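Per-entry structural report
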Amino acid sequence: MVLKSTASLCFPNRRIVVFLVCSRVLTEFPFLLFPFIISLARSLARSRENSHNSYLEGNQLTGVSSGRAVKDILLHGGRVIELDCYDGPKGTPIVKHGGTACKPVDLRKCLEAIKEFGFAKTPYPVIVTFENHVNVEQRGVMGDLLEEIFGDAMLYRPPEGAGTKEEWPSPNQLKGKVVIRDKLKHKQDSAKKGDSGKKKKSNKHSDKENPAVLKTSKTLAPELHSSIMDNEDDEDSEEEDDATEEESNAADKLKNLVAVGNAKFHGFDEAHKWLGVKSCSWNEKKVEKMVKKASANDSEYKDLLAFTKKHLLRCYPGGLRVLSDNADPNAAWSVGASLVALNFQGMDRPIFMNRGKFAENGGAGYVKKPKFLLEGKKSGALPKKISFNILVGSGWEAFKNADLVGAPDTYVKVSICGKNGSSGQTKVFSEARVGPKAQPIWNEKIELESKCPELDLVLFEIFDQDPDADDLLGYYCCSVESLQKGLKCVPLYDMYGHHCMYTGKKRPELFGECASILVECSY
């Protein structure tokens, strides 16, 4: 039996009328596509696909900053690009991962990539978030570059200034626009006033106090660990409120273009007093801590959901994830965080989940938050028991070289990804490398339960079993709510998001055949 790649999609993405969904205010979108920067990319109050260090190719220590990395994120549908900006040697800002050996790139090249490819995949707004270490004069140059490259047609100018409106505009109102996110006060400006600011922060980067420090920090040289943490973009670690910006027309060139202003979070009581809508950033450890507190206290939970409903919460990986791996984004999504940034270079399970979540809503890069989150409730729909009958696979020639000798030992793992995930897997199949006997037959049933159908994802993974560590061959991810009953064909993708297919020349009749599995779903 051969399953053609043209067969109906296993679980077609539930296409909501994109116009209607994207007409809601930004904070109703909890997730943005692809959170990351050029080094790391991260992804307004709806969910957006967001990236962290979007400019980086490779790891966080020795990678290369480039406009190409930004292009790749945008062509995958990412809507949030993070750029770490520093003073350039020729009076023009550069983008780099501070405190590392990563090679820099001119800010101009990154902005030109956004102009050329920002709306190639979807017309909805691109948010450019700056981690800004640039001096006053070069911030003026940043403003000039934004004006020159994007112009009035693309650049969104907040009419009343950042943080003065009581709600965010909708993605539909911002079609074709580039939205700038930055702090309105910068800590480097206060350094000119003396060393008092440094004394206040002298203990900020100890392992015990800085929630972004991971256990992996123990493996790094002390000077490298200190350098990275000094450049960690945790807004809670900056005495931003004490920064006194110099009066300068140069700095105002950039400040006047900031549509999403960042504020320092001191607690929900103070946040209730904020005028207008704001944005703030939490690292993964703070997210974990806040979600844990909210889960144990109903009042804390309501405060957290009220905060993420009104303001843009951006969550990002810890600074010591030097291999560009990612934390599970589901905890942040579960409390309505709008921008959950990921290291897109990681190519790991969180990236697969991110792709599955943002395949919704026609791939617009914006997904509306579930109703229960907007209403401040802990749960919505009742848990759903789902049965997956894994029948057969097709196009397994795509995996014929998975093992050096003999046929690959493949099995299917199905997981419900969320706050309370579960998983199951089939037996191993291994008969031939090519031909009819290479196509696996399982006919095995896996029964799982989704505790929160509005947020949970289903992840199919194909592995080759090995003595040391099993190798991932392909995957498919979609939301639980988009599952359809009946017999469906699940297409498989590699870690880069491309179809798994046979590309050899020995069997031209199979060239371009997409690997897939046949699954019967019921619930």
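Described below are features of the structure shown in this document. (Residues numbered from 1 in each chain as written. Predicted model: local features only at pLDDT ≥ 70, side-chain atom pairs only at ≥ 80, totals over all residues. Heavy atoms only, no water.)

One can find Asn283 in strand 12 (residues 279-283). Residue classification places Asn283 among the buried positions, given a relative accessible area of 0%. Polar contacts involving the side chain of Asn283 include one to the main-chain amide nitrogen of Lys285, which spans 3.1 Å. (Helix = DSSP H or I, 4+ residues; strand = E, 2+ residues; numbered from the N terminus. Buried < 20%, exposed > 50% of the residue type's maximum accessible area, 1.4 Å probe, protein only. Polar contact = N/O pair within 3.5 Å; in protein donor to acceptor, adjacent residues only side chain to side chain.)

Looking at the element boundaries, Thr426 is found in the loop between strand 18 (422-425) and strand 19 (441-450). Among the polar contacts listed, one links the side chain of Thr426 to the side chain of Trp442, at a separation of 3.4 Å. Beyond its immediate stretch of four places on either side in the chain, Thr426 contacts Ile390, Tyr411, Val412, Trp442, Glu444 and Ile446. (Contact = heavy atoms within 4.5 Å.)

A word on the packing of helix 10 (residues 284-296) against helix 11 (residues 298-310). Remark: helix 10 packs on helix 11, axes separated minimally by 5 Å, with the N-to-C direction vectors making an angle of 130°. Taken together, the axis directions place helix 10 and helix 11 in an arrangement best described as oblique. When the axes of helix 10 and helix 11 are compared, the crossing they make is left-handed. Within the contact between the two elements, helix 10 uses Met290, Lys293, Ala294 and Ala296 and helix 11 uses Asp298, Glu300, Tyr301 and Leu304. Looking at side-chain class alone, the contact of helix 10 with helix 11 contains 5 nonpolar, no polar and 3 charged residues. (Axes fitted to C-alpha atoms, helices over the stretch in contact; angles between N-to-C directions. Parallel < 35°, antiparallel > 145°, perpendicular 65-115°, else oblique. Left-handed = near helix turned anticlockwise from the far one by under 90°. Nonpolar A, V, L, I, M, F, W, Y, C, P; charged D, E, K, R; others polar.)

Within helix 13 (residues 349-357), 8 of the 9 residues are buried, leaving the element largely enclosed by the surrounding structure. Among all positions in helix 13, only Pro350, Ile351, Phe352, Met353, Asn354, Arg355, Gly356 and Lys357 are buried.

With 13 residues, helix 11 extends 19 Å between its outermost C-alpha atoms, agreeing within 8% with the 18 Å of an ideal straight helix rising 1.5 Å per residue. For helix 11, every residue scored as buried is listed here: Glu300, Tyr301, Leu304, Leu305, Phe307 and Thr308. Along the long axis of helix 11, the arc covered by the buried residues comes to 160°, so they all point the same way. Seen from the buried face of helix 11, the exposed residues on the opposite side, beyond 90 degrees, are Asp298 and Lys302. For helix 11, the secondary structure elements touched by its buried residues are helix 9 (268-271), strand 12, helix 10, strand 13 (312-316), helix 12 (330-334) and helix 14 (371-374). (Expected span 1.5 Å × (residues − 1). Arc of directions from axis to C-beta.)

Following the criterion strictly, the structure yields 14 aromatic pairs and no others. On the basis of an interplanar angle of 90° and a centroid distance of 5.1 Å, the ring pair of Trp396 and Phe399 is categorised as edge-to-face. Among the aromatic residues, ring-to-ring pairing joins Phe265, Phe268, Trp274, Trp282 and Phe307 into one connected group. Over the aromatic face of Tyr301 sits the side chain of Lys378, whose NZ or CZ is 5.4 Å from the ring centroid. (Phe/Tyr/Trp six-rings, centres within 6.5 Å; stacked < 30°, edge-to-face > 60°. Lys NZ or Arg CZ within 6 Å of the ring centre and 35° of its normal.)

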